[in-house]
Amino acid sequence: MVDRQKEEPLEEGVYYIVDLLGLPVYTDKEQLLGKVDDIFNTGSNDIYVVKDELGKQILLPGIPDVLKKVDLEKGRIIVHLIPGLM
C-alpha cells in the first residue's frame, strides 16, 4: 500500500493498477467491451480482465498489438481485437 501523496512518478506507458480498475474499455472501432475488473501478471505480460454489464469476462493481453491507448484524462482504454481474442 502506498499513500497517493507519496507515489513515485512512473515512466510513460506505466500505470498503477488502481488507476486502471473500473475504466471502460473500447475497441478501436468504438465498441464498448466493458470495464477493467482486474489485472494480473502472467510473467510475460499483464492480462486485463474486462467485464461487461452482464458479467461476461474477456481476457485481454497487455501487449502493444492489443493495448493501444490508456487515456487516464478521458478515463478510457482503447484496444485492438486481434483474431482469436473473442
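Residues numbered from 1 in each chain as written. Predicted model: local features only at pLDDT ≥ 70, side-chain atom pairs only at ≥ 80, totals over all residues. Heavy atoms only, no water.

Visitor: Would you explain the overall build of the protein in this entry?
Guide: A count of helical and extended segments in the protein gives one helix and six strands. Against the compact-globule benchmark of 12 Å for 86 residues, the protein has a radius of gyration of 13 Å, which places it among compact chains. By principal-axis analysis of the C-alpha atoms, the protein measures approximately 40 × 25 × 20 Å. Counting every position in the protein, which comprises 86 residues, the buried fraction comes to 28%. Within the protein, contacts between residues separated by at least 24 positions form 30% of all contacts whose residues are at least 6 apart in sequence. Working note: accessible area of the protein is about 6200 Å², and carbon and sulfur atoms make up 51% of it. Of the side-chain charges in the protein, 10 are positive and 16 negative, and the distance between the mean point of each set is 5 Å. (Helix = DSSP H or I, 4+ residues; strand = E, 2+ residues; numbered from the N terminus. Rg over C-alpha atoms; globule rule 2.2 N^0.38 Å. Buried < 20%, exposed > 50% of the residue type's maximum accessible area, 1.4 Å probe, protein only. Contact = heavy atoms within 4.5 Å. Areas by Shrake-Rupley, 256 points an atom, 1.4 Å probe, with all protein chains shown as cover. Lys, Arg positive; Asp, Glu negative; His and termini not counted. Charge placed at Lys NZ, Arg CZ, Asp CG, Glu CD.)

Visitor: Whenever I open this one, empty space enclosed by the protein confuses me. Can you help?
Guide: Gaps left between atoms show up when a probe the size of a water molecule is rolled over them. Within the structure shown, the criterion is met by one cavity of 30 Å³ or more. If you add up the space inside the largest cavity, you get close to 50 Å³. Broken down by secondary-structure element, the contributors of at least two residues to the lining of the largest cavity are β3 (46-51), β4 (57-61) and β6 (76-79). (1 Å grid on protein atoms, 1.4 Å probe; cavity = no way out; pocket = protein on both sides within 12 Å on 5 of 7 lines; lining within 4 Å. Points joined across faces, edges and corners; volume = space filled by probe spheres on them.)

By themselves, these are just geometric observations and shouldn't be taken as functional.
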